[in-house]
Amino acid sequence: MSALVIAEHDNASIKGATLNTVTAALACGGDVHVLVAGHNAAAAAAAAAQIVGVSKVIHADSDSLAHGLAENVAAQVLAIAAHYSHILFPATAAGKNVAPRVAAKLDVAQISEITQVDSPDTFERPIYAGNAIATVQCTDAIKVLTVRATGFDAAAATGGSAAVESAEALADSGKSSFKGSEIAKNDRPELTAAKIIVSGGRALGSAEKFNEVMTPLADKLGAAIGASRAAVDAGYAANDLQVGQTGKIVAPQLYVACGISGAIQHLAGMKDSKVIVAINKDPEAPIFSVADFGLEADLFVAVPELVSAL
Amino acid sequence: MKILVPVKRVVDYNVKVRVKSDGTGVDIANVKMSMNPFDEIAIEEAVRLREKGVASEVIAVSCGVTQCQETLRTAMAIGADRGILVETPADLDLQPLAVAKLLKALFDKEQPGLMILGKQAIDDDCNQTGQMLAALADVSQATFASKIEIADGKASVTREIDGGLEILSITLPAVVTTDLRLNEPRYVTLPNIMKAKKKQLDIFKPEDLGVDVTPRIKTLKVSEPAKRSAGIKVADVATLVDKLKNVAKVI
């Protein structure tokens, strides 16, 4: 029995979610191998070899693997899939894109966003945006899993010394091609990976006010900015900032909700945060029922005050 | 070009689901059911492509219980031209791989140029069916789309990825799954609801399509998530900062 982890990387380094996925793979029992499929990705493969608990790194290198196209990466995984009892992907945009493709080609189920490994065939995963936890048993020979990073500790990134083996890269599928990307260039951490998130709601009143009030707080805390659906629907914040059932599911160390009432679908997206702070002038706001620290105050006064107090 | 759009009937996103006391699942008896929000976006996009003259026909498909016909009528009220229900028994746990196989059978039958799916359903939160369908049909895929442009047998799709956007060019036929920013679905009007009632709706069984829908995953237990312990209210900003620094130790 051994497990294969598909590394999330940028060819130069390994992304953090890979480390949590290695921990989940170790919990499944057996050896853990890591596949680094990329282009000019020797540095990423070398970094993967350092992860504690990894016994082998398989490095496939080709320009067809440069941008993580689902068709090509899935084929690369399928070429070695038969050797493994478990195939694990981080539950990131990239992992979620490829994992079901692999599972379907193997004619096995896929289990999404596991948060716990109970036994090699039994896993826990949130359903209904985390409003219920399902314990599921997979009857297929190969378990294809995506791993929610917030459910597992990160494996140590250095200290290991796995062998790196080269694998032949497969030919490009010819079905899709990468045309470009726009990666947000700000220094702010990514919403789903941020340790601290400051989030604004409808009470901000306008896009200008949203920026004026929330940005200094985010800057001061080195935080990502989130928003409630109400704030997004009103046009105060971009859609990709939306935290909630139909937006991003987050679980930072600290979540500061400013002027967010706490609708069910918002709570679903952030209630696994370690510490929740709510600033709201309505004492009856449901957000206070999940907040560790509630401050009943006008956010236009309290937030600037908070910025200068930090 | 035909566009196939699968739609799922799920618990309405405004409903707070309750876990059944016997731990067998969540209680969905007498709960409001609606179309999965991401699927609504998928239907809207397909209808817009037809309105632009890119597509000739939009076919909505639903797999599940007989009440999914209501979901299909909603899809047709938004503008889908006809509907297909693959009806399964109420006691069957219909899982993404099985749905993908049913859709693959319909792909073979209808030969659509494009299949647009919601990126995930808000009940099981799987985020699998589109990618599985693409794999089984052996076509290209672009998931989490925020923009779709069709020209010369290809789709240019802008995808929402972690940290930003990515643009792919994929050869048709293909699968695209929708993210929230793709469009804002139109409101369904009464005349369109009336019109939808007259549109064609075909019903198949999985056996008709030669698909085995046996579940591969067994749900052993469904439980409540760990409850958050009740917090405290703080009097002012200074106390809040003190608590965060010295009690919670998060800043």
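Above this text is the structure in question.
These numbers come from a predicted model, not from an experiment. (Residues numbered from 1 in each chain as written. Chains lettered and ligands numbered in written order. Predicted model: local features only at pLDDT ≥ 70, side-chain atom pairs only at ≥ 80, totals over all residues.)

Draft legend 1. A look at the overall build of chain B. The number of helices and strands found in chain B is six helices and 13 strands. The principal-axis extent of the C-alpha atoms belonging to chain B is close to 65 × 45 × 40 Å. For chain B, the residues scored as buried account for 48% of the 251 residues in total. Taking contacts inside chain B between residues at least 6 apart in sequence as the whole, the part at least 24 apart equals 68%. (Helix = DSSP H or I, 4+ residues; strand = E, 2+ residues; numbered from the N terminus. Buried ≥ 20, exposed ≤ 12 C-beta atoms within 10 Å, placed from the backbone. Contact = placed C-beta atoms within 7 Å.)

Draft legend 2. Local environment of the environment of Gln67 of chain B. In this structure, Gln67 of chain B sits in the loop between strand E4 (57–64) and helix H2 (68–78). The sequence separation of Gln67 of chain B and Ala90 of chain B amounts to 23 residues, and the corresponding C-alpha distance is 9.8 Å.

Draft legend 3. Main features of the nonpolar core. One finds Ala48 of chain A together with Val5 and Ala60 of chain B to be the most contacted residues of the largest nonpolar core, which totals 198 residues. Residue contacts for Ala60 of chain B: discarding those within four places in its chain leaves Val5, Val7, Ile43, Leu72, Ala75, Met76, Ala80 and Gly83 of chain B. (Core = buried A, V, L, I, M, F, W, Y, C linked by C-beta atoms within 7 Å.)

Draft legend 4. Inspection of the sheet that holds strand E14 (residues 254–258) of chain A at higher detail. Spatial strand order, E13(A)-E12(A)-E14(A)-E15(A)-E16(A)-E13(B): six strands in an open sheet with parallel pairing. If you trace the sheet from one side to the other, it starts and ends with strand E13 (224–227) of chain A together with strand E13 (232–234) of chain B, each paired once. Each adjacent strand pair in this sheet contributes to an overall mean axis angle of 20°, direction not counted. In the sheet, strand E12 (residues 196–200) of chain A pairs with E14 of chain A via five bridges, with the strands oriented parallel. Residue pairing for E14 of chain A: Gly200 of chain A is matched across the bridge by Cys258 of chain A. Sheet contacts for helix H6 (residues 237–247) of chain B: strand E15 (275–280) and strand E16 (293–296) of chain A together with E13 of chain B; angle to E16 of chain A, the most-contacted strand, approximately 170°. (Pairing = 2+ DSSP bridges. Axes fitted to C-alpha atoms, helices over the stretch in contact; angles between N-to-C directions.)

Draft legend 5. Looking closely at the pairing of strand E4 (residues 86–90) of chain A. All names here are of chain A. The element E4 is extensively covered by neighbouring structure, given that five of its five residues are classed as buried. Across the two faces of E4 the burial is the same, with His86, Leu88 and Pro90 and Ile87 and Phe89 all buried. Relative to E4, strand E1 (residues 2–6) runs parallel, the two sharing three bridges. For Leu4, the partnering residue across the bridge sits in E4 and is Ile87.

Draft legend 6. Representation of the environment of Thr214 of chain B. Along the chain, Thr214 of chain B falls in the loop between strand E11 (201–204) and strand E12 (217–223). As a C-alpha pair, Thr214 of chain B and Leu94 of chain B span 120 residues in sequence and 7.8 Å in three-dimensional space.

Draft legend 7. Local environment of the packing of helix H3 (residues 70–80) of chain A against helix H4 (residues 93–106) of chain A. Residue and element names in this part refer to chain A. As a packed pair, H3 and H4 sit with axes 9 Å apart at the nearest point and diverge in direction by 50°. Taken together, the axis directions place H3 and H4 in an arrangement best described as oblique. Read as a crossing pair, H3 and H4 show a hand that is right-handed. Contacts from Ala70, Val73, Ala74, Val77 and Leu78 of H3 reach H4 at Asn97, Val98, Arg101, Val102 and Lys105. A class-by-class count of the residues in the contact of H3 with H4 yields seven nonpolar, one polar and two charged. (Parallel < 35°, antiparallel > 145°, perpendicular 65-115°, else oblique. Left-handed = near helix turned anticlockwise from the far one by under 90°. Nonpolar A, V, L, I, M, F, W, Y, C, P; charged D, E, K, R; others polar.)

Draft legend 8. Structural view of unusual backbone geometry. With omega at 0°, the peptide bond leading from Leu172 of chain B into Pro173 of chain B counts as cis. By the element assignment, Pro173 of chain B lies in the loop between strand E9 (164–171) and strand E10 (174–178). Positive phi, close to 75°, is recorded for Asn11 of chain A, a residue that is not glycine. Checked against the element boundaries, Asn11 of chain A lands in the loop between E1 and helix H1 (16–27). Backbone geometry at Asn40 of chain A places phi at a positive 50°, although glycine is not the residue there.

Draft legend 9. View of H6 of chain B. All names here are of chain B. Taken residue by residue, H6 has Val237, Leu240, Lys243 and Leu244 as its buried positions. Projected onto a plane normal to the axis of H6, the buried residues spread over an arc of 125° and lie on a single side. Facing away from the buried surface of H6 by more than 90 degrees, the exposed residues are Ala238, Lys245, Asn246 and Val247. Following H6 by one or two positions, Lys249 has its phi on the positive side, about 55°. (Arc of directions from axis to C-beta.)

Draft legend 10. Region of interest: the sheet that holds strand E1 (residues 2–6) of chain B. With respect to topology, ten strands assemble into an open sheet ordered E11(A)-E9(B)-E8(B)-E7(B)-E10(B)-E6(B)-E1(B)-E4(B)-E5(B)-E11(B), the strand pairing being mixed. The open sheet has two edge strands with one neighbour each: strand E11 (176–183) of chain A together with E11 of chain B. The sheet shows a mean angle of 30° between the axes of neighbouring strands, taken without regard to direction. Of the pairings in the sheet, the one linking E1 of chain B to strand E6 (residues 114–118) of chain B comprises two bridges and is parallel in character. Paired with Ile3 of chain B across the bridge in E6 of chain B is Leu114 of chain B. Contacts from H2 of chain B reach E1, E4, strand E5 (82–87) and E11 of chain B within the one sheet, and its direction differs from that of E4 of chain B by about 160°.

Draft legend 11. H3 of chain A, seen in detail. Burial analysis of H3 of chain A places eight of its eleven residues in the buried class, which makes it a mostly covered element. Every buried residue of H3 of chain A is accounted for by Ala70, Glu71, Asn72, Val73, Ala74, Ala75, Gln76 and Val77 of chain A.

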